[in-house]
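# Breakdown of the fold
Below, each chain spelled out in residue letters.
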Amino acid sequence: ASASEEKDLVIIGGGVAGYVAAIKAGQEGLKVACIEKRGTLGGTCLNVGCIPSKSLLNNSHLYHQILHDSKNRGIEVGEVKLNLETFMKAKETAVTGLTKGVEFLLKKNGAEYIKGTGSFINENEIKVELNDGGESVIRGKNILIATGSEATPFPGLTIDEQRVVTSTGAIALQKVPETMTVIGGGIIGLEMASVWSRLGAKVTVVEFLGQIGGPGMDTEISKATQRILKKQGIEFKLNTKVVSGDTSSELVKLDVDAAKGGKPESIDSEVVLVAIGRRPYTQGLGLENIGLETDERGRVIIDSEYRTKIPHIRCIGDVTFGPMLAHKAEEEAVAVVEYISKGHGHVNYGCIPSVMYTHPEVAWVGQSEQDLKAQNIPYKIGTFPFSANSRAKTNLDSEGLVKILADPETDRLLGAHIVGPGAGEMIAEATLALEYGASSEDIARTCHAHPTLAEAFKEAAMATYDKAIHF
Ligand code: FAD
Ligand code: NAI
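For the structure given in this document, a descriptive report is provided here.

What counts, and at which threshold
- Throughout this description, residue numbers start from 1 for each chain and increase along the sequence as written.
- Each chain is given a letter, starting from A, and each ligand a number, starting from 1, according to the order in which they appear as written.
- Per-residue local features of the predicted model are confined to residues with pLDDT of at least 70, and side-chain atom pairs are confined, for both listing and counting, to 80 or more; whole-chain, interface and lining totals are unaffected and use all residues.
- The side-chain figures draw on all heavy atoms in the structure; neither hydrogens nor water molecules are used.
- Here the nonpolar core consists of buried residues drawn from Ala, Val, Leu, Ile, Met, Phe, Trp, Tyr and Cys, with membership extended through side-chain atoms lying within 4.5 Å.
- For every residue, the accessible area (1.4 Å probe, protein chains only) is compared with the maximum for its type, and the residue is labelled buried under 20%, exposed over 50%, or partly exposed between those bounds.
- We count a stretch as a helix when DSSP gives it H or I for four or more residues in a row; a strand needs E for two or more, and each element gets its number in order from the N terminus.
- Working rule for contacts: check all heavy atoms of both residues, and any pair within 4.5 Å makes them a contact.
- Helices are assigned an expected span. That span is 1.5 Å times one less than the residue count.
- Counting rule for disulfides: a pair of cysteine sulfur atoms within 2.5 Å.
- For two strands to be treated as a pair, DSSP must find no fewer than two bridges joining them.
- Working convention: axes come from line fits to C-alpha atoms, limited for helices to the stretch in contact. Angles between N-to-C directions cover 0 to 180 degrees.

## What to know about the nonpolar core
Generally speaking, a soluble globular protein has its nonpolar side chains buried in company with each other. If you look at the biggest cluster of nonpolar residues, it comprises 53 residues, and the most contacted ones within it are Ile11, Leu106, Phe120, Ile126 and Ile145. When residues in this core are grouped by element, the largest group, eight residues, is from helix H1 (residues 16-27). For Leu106, the residues in contact, after removing those within four places along its chain, are Tyr19, Ala22, Ile23, Cys34, Leu41, Ala111 and Tyr113. Residues Tyr63, Val203, Ile228 and Leu273 belong to the second largest nonpolar core, which totals 38 residues.

Here is the structure:
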């Protein structure tokens, strides 16, 4: 880029939000550049988030299953050994393949990729400190902030990514720790607890609230999930606050306080994972140079068309409002480019699925029972256990349930909550039903193939207005 060059759209940040917007803008015929400082595209999700964590989750599940769940299936194996180095290489291969693939897609769609750190000089010009050295200035008719988020630190505990880690360190440990304590029983905490516990660590999760799973998980599903994860060997301390930490000894010491009058105690562990949420990232972006403010949680303030108070500067993804999810960022990326190129775009925020990739998976969309109660919205419930689903039984993998919430008068679907095998795939059906305004009877009268796990979803829908057949 040279100082005189002007683009229709300049994007700061090449995570899911930024790179998808770049591809979409290229497809719309806009002259577009995407500035990313990391050295690879794909942001948190592809480099240190969704993708590497799912590689570790998939392969640790396989390892654990071979060790503990093969003999009863008539499969006798010899000595099973973990080669953590190769295990981590498999993760890196997935990451490299996908980040390179994204780079190719930008090129294919005519979007320029600039490796460097962008900051606002003024409302139309971005200074880029290039990764290879030197600086350039790029002008944009439109500018999109897509700088993402970072792990929220725990006060008083210095992150070294070796003994005190965020998710970034937790996906790259060089040995299986004997003991691990996880601060925060949200999605990162539980996914990482699953990985390391399956590989042999003794894992304790300390959660401030009375339930696990982070915001949004239905309480009944959360309780069922906790029971299942406990059976797998993960220990939970709920309603418990970490007060302070000490890294001066060989083991990291955490002082914890039971919120409801329990005894204070301390926990020693080889590794501590801090997983208490993520916060928007705008460091070094120069928002102060253009007078843009963030709210009390550091989020860039926008309107319903993703505009900041400077109308040609917009913002999407983790750095602004809404759930910090890759697919939410992707939907916004398409919508924001459509606003720029066509004047209209759309994201249905009531219909964004969540998936936790433990085993079994937990997935939900729409409102939880506690949400509906809090708003005094009437509802009826249909549930169906996987223990009554023929495929789950055949697979010897039948823990969990489907829970469907529907309007008692119109029968319209209000929410779907699943803990069970294949929940992350099954939630796509629920999301489509919710998006189309389906009734639970619409779902229940749709023919589902037999024997599939999705029949559990159909029968839970049936149970909201009639009796399920197999339970
Ligand atoms: P980011 O992915 O954070 O990308 C922002 C990019 O901007 C970064 O690459 C950063 O380097 C760059 N940047 C910042 N400032 C500048 C600057 N000034 N100049 C140039 N570049 C800059 N979500 C899911 O939906 N499913 C999952 O399974 C899932 N798993 C996750 C697992 C983990 C361990 C973590 C941490 C997150 C996970 N997430 C998951 C969340 C998901 O990663 C985020 O929601 C998603 O990455 C947000 O995309 P984004 O583009 O808004 O931000
Ligand atoms: P989170 O918000 O999901 O959970 C954080 C948990 O920590 C909450 O349950 C909270 O009550 C607890 N907590 C906060 N302070 C605490 C304290 N002092 N002591 C004990 N507990 C405390 O955040 P998390 O797990 O860090 O994940 C961040 C984001 O990343 C999530 O919002 C999620 O959107 C995204 N993500 C999504 C994944 C997916 O879709 N599968 C996977 C991983 C991350």
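## Re helix H8 (residues 326-342)
Residues spaced three or four apart along an α-helix face the same direction, because each turn holds 3.6 residues. Here H8 is 17 residues long and its end C-alpha atoms lie 24 Å apart, about the 24 Å a rise of 1.5 Å per residue gives. All of the buried residues in H8 are Lys328, Ala329, Glu332, Ala333, Ala335, Val336, Val337, Glu338 and Tyr339. In this structure, the buried residues of H8 make contact with strand S1 (6-12), H1, strand S5 (135-145) and strand S16 (313-315). Following H8 by one or two positions, Gly343 adopts a phi angle in the positive range, close to 90 degrees.

## Side note on the state of the cysteines
Counted under the stated rule, the structure contains one disulfide. Sulfur-sulfur distance for the disulfide between Cys45 and Cys50 comes to 2.3 Å. Of note, the bridge from Cys45 to Cys50 carries an S-S torsion of about -130 degrees and is left-handed in sense. The partly exposed category is assigned to Cys50, whose relative accessible area is 26%. There is no disulfide at Cys315, and the cysteine sulfur nearest it, in Cys34, is 14 Å away.

## Section: the pairing of strand S4 (residues 125-130)
Two strands pair when backbone bridges link them, and strand S3 (residues 112-120) and S4 are joined in this way by five bridges, in the antiparallel orientation. Paired with Gly118 across the two strands is Val128, which belongs to S4. A loop of four residues connects S3 with S4, the two strands running antiparallel in sequence.

## Focus: the sheet that holds strand S19 (residues 380-385)
Pairing is antiparallel in the open sheet, where five strands are placed in the order S17-S18-S21-S20-S19. Looking at which strands have only one partner, the edges of the open sheet turn out to be strand S17 (354-356) and S19. Between one strand axis and the next, the sheet turns by 10 degrees as a mean value, whatever way the strands run. Pairing between strand S18 (residues 361-366) and strand S21 (residues 413-420): six bridges, direction antiparallel. Among the inter-strand pairings, Ala363 is bridged to a residue of S21, identified as Ile418. In this fold helix H13 (residues 455-465) packs onto S19, strand S20 (401-406) and S21, with an angle of close to 145 degrees to the strand it touches most, S19.

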